[in-house]
Amino acid sequence: MILAAAFVQRQRCLQSPTLAKRAVNCSTRAMATSSDENEIKSSGEANEDRFFEMEQRNWEQGFEAYDEGFGPLTCQTIPTLLSDGGFSPANVIDDRQFKLLDVATGPGFVLTAAIEAAMKLDLPEESYSHLKFTGLDITQNFLQMAKRRINAQLQKQQQQQQRQHKQEIQFNIDFVEGSAESLPFNDGSFDSIVCNFGILHFFHPDAFLRESYRVLRPGGRLSFSAWAPPMATEGFRIALESIAEVGNPNVEGLPDGPNFFDFGDPNQATNALKEIGFVDTNSVELSEMKWTSIQNGSELYDVLLQGTSRTREVLLGQTQEEAAAIASLMRQKYDVITDSGKRCLAMPAVITSGCKPIST
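Structural notes, computed from the coordinates. Keep in mind it's a predicted model, so treat the numbers as computed, not measured.

Scoring rules and cut-offs
Residues numbered from 1 in each chain as written. Predicted model: local features only at pLDDT ≥ 70, side-chain atom pairs only at ≥ 80, totals over all residues. Heavy atoms only, no water. Phe/Tyr/Trp six-rings, centres within 6.5 Å; stacked < 30°, edge-to-face > 60°. Helix = DSSP H or I, 4+ residues; strand = E, 2+ residues; numbered from the N terminus. Buried < 20%, exposed > 50% of the residue type's maximum accessible area, 1.4 Å probe, protein only. Pairing = 2+ DSSP bridges. Core = buried A, V, L, I, M, F, W, Y, C linked by side-chain atoms within 4.5 Å. Contact = heavy atoms within 4.5 Å. Axes fitted to C-alpha atoms, helices over the stretch in contact; angles between N-to-C directions. Parallel < 35°, antiparallel > 145°, perpendicular 65-115°, else oblique. Left-handed = near helix turned anticlockwise from the far one by under 90°. Nonpolar A, V, L, I, M, F, W, Y, C, P; charged D, E, K, R; others polar. Arc of directions from axis to C-beta. Polar contact = N/O pair within 3.5 Å; in protein donor to acceptor, adjacent residues only side chain to side chain.

Considering all chains together, one arrives at 19 aromatic pairs under this definition. Aromatic pair Tyr66 and Phe142: ring centres 6.1 Å apart, planes at 80°, arrangement edge-to-face. Of this pair, Tyr66 sits in helix 3 (residues 34-69) while Phe142 sits in helix 8 (residues 140-163), and the two are 76 residues apart along the sequence. The two residues Tyr66 and Phe142 agree in class, both being buried.

It is a general feature of regular strands that their side chains alternate between the two faces of the sheet. Burial runs high along strand 1 (residues 98-103): five of the six residues are buried. Judged from the six bridges that link them, strand 1 and strand 2 (residues 131-137) form a sheet pairing that is parallel. When the sheet's bridge partners are listed, Lys99 is paired in strand 2 with Lys132. Where strand 1 meets strand 4 (residues 190-196), three bridges bridge the pair, whose relative direction is parallel.

Attention now moves to the nonpolar core. One finds Val103, Phe133, Phe171, Trp227 and Trp291 to be the most contacted residues of the largest nonpolar core, which totals 83 residues. Broken down by element, this core gets its largest block of residues, seven residues, from helix 7 (residues 109-119). The contacts of Val103, once residues within four sequence positions are left out, are Leu136, Ala180, Leu183, Ile193, Val194, Cys195, Asn196, Phe202 and Phe208.

Attention now moves to the sheet that holds strand 4. Pairing within the open sheet is mixed, and its seven strands lie in the order 3-2-1-4-5-9-6. Strands with a single pairing partner mark the edges of an open sheet, and in this sheet they are strand 3 (172-177) and strand 6 (279-286). Adjacent strand axes in the sheet meet at a mean angle of 15° when their direction is disregarded. Sheet topology places strand 6 next to strand 9 (residues 349-355); six bridges connect them, and they run antiparallel. Within strand 9, the position partnered with Leu286 by the bridge is Ala349.

Let us look at the packing of helix 12 (residues 297-306) against helix 14 (residues 320-338). One can describe the packing of helix 12 onto helix 14 by two numbers: an axis separation of 7 Å at closest approach and a directional angle of 130°. Judged by the inter-axis angle, helix 12 sits oblique to helix 14. The interaxial crossing formed by helix 12 with helix 14 has right-handed handedness. Contacts between helix 12 and helix 14 involve Gly297, Ser298, Leu300, Tyr301 and Leu304 from the first element and Ala323, Ile326, Ala327, Met330, Arg331 and Tyr334 from the second. In terms of residue class, the contact of helix 12 with helix 14 is made up of eight nonpolar, two polar and one charged.

Turning our attention to the side chain of Ser212. Among the structural elements, Ser212 can be located in helix 9 (residues 205-215). Take Ser212: its relative accessible area is 0%, and that puts it in the buried class. Contact partners of Ser212, with chain neighbours within four places excluded, come to Leu183, Ile193 and Leu222.

The next point concerns helix 11 (residues 266-276). At 3.6 residues per turn, the α-helix brings residues three or four places apart onto the same side. All of the buried residues in helix 11 are Ala269, Thr270, Ala272 and Leu273. Looking down the long axis of helix 11, one finds its buried residues gathered within 150° of arc, a one-sided arrangement. Among the exposed residues of helix 11, those pointing more than 90 degrees away from its buried face are Asn267 and Glu275. In this fold, the buried residues of helix 11 make contact with helix 9, strand 5 (216-227), strand 6 and strand 9. By the N-cap criterion, in which a side-chain oxygen at the helix start approaches the backbone nitrogen of a residue two or three places on, helix 11 is capped by Asp265, the distance to Asn267 being 3.0 Å.

Below you can see the structure in the form of structure tokens.
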């Protein structure tokens, strides 16, 4: 997250053979040789592999810290995410099957909320079998956590049904390990695709958008959330400023990646959908979101160290003295911004959505 902005231009060159060749031409004033092009391509692919390995490694380790530290915050987007993604009573109450895909399902918060919303529809028991929920993630630890959370939810629901002498509701729920940039599903498989803050962690977010378009049925909707820029998201601003002022923001050895805050720009986010072919696009900022689970600057430092990916790598790359200075300054900045904890950190998010046209 911390280093992303500085590397955007270079990464775009690596991702595009045309831009890469232009960069070589500008520096050498000559046509790039095939060996030059192969070297650039090889470098880009190696960087992409390292980025994926970093994300997978950190989420395999930090899934519990993310669940506890970010969960109460990221859950605040879910009602809007589901509604803008087409998961609403008007869309799911009919006789045909309705399929929802949650990409980067993480701890399973979105699927849990979707199942809870479905329960409140009070449909005939047989109608619930028309609903299919699928959670996809790159790590088994997150998938297992999501399964446990949903199993506990369903057991509680079953007990309530038994007390009321009602038939048990049966839901169709799948969990899939896979990449958001190459979705392992057939064309036109889903009515709704949602992604809660996952797009920030994809090396090729545009590939995720294209894949979503492919696996959506005509008329289906996609919605995804992203953090607003750091001037608005106070927790990230505290970390960014502290690292820049008393630490090393340029830790060596980290893979380049896309700008963490690209999709916090509503215009950029909706334009990305339009370029792929989505219609009825919309982007809304949820400006009232608060980080209620963070009570002081030390907790903020610990959550960013243990429950993130790119930020974790930057913090781990500091010397002992730099790390101590960053932690100290983050505590000071937290107290100044929140009036010594009298209010919660503001952490607004942007939700962007679009529809796959019925006819093209």
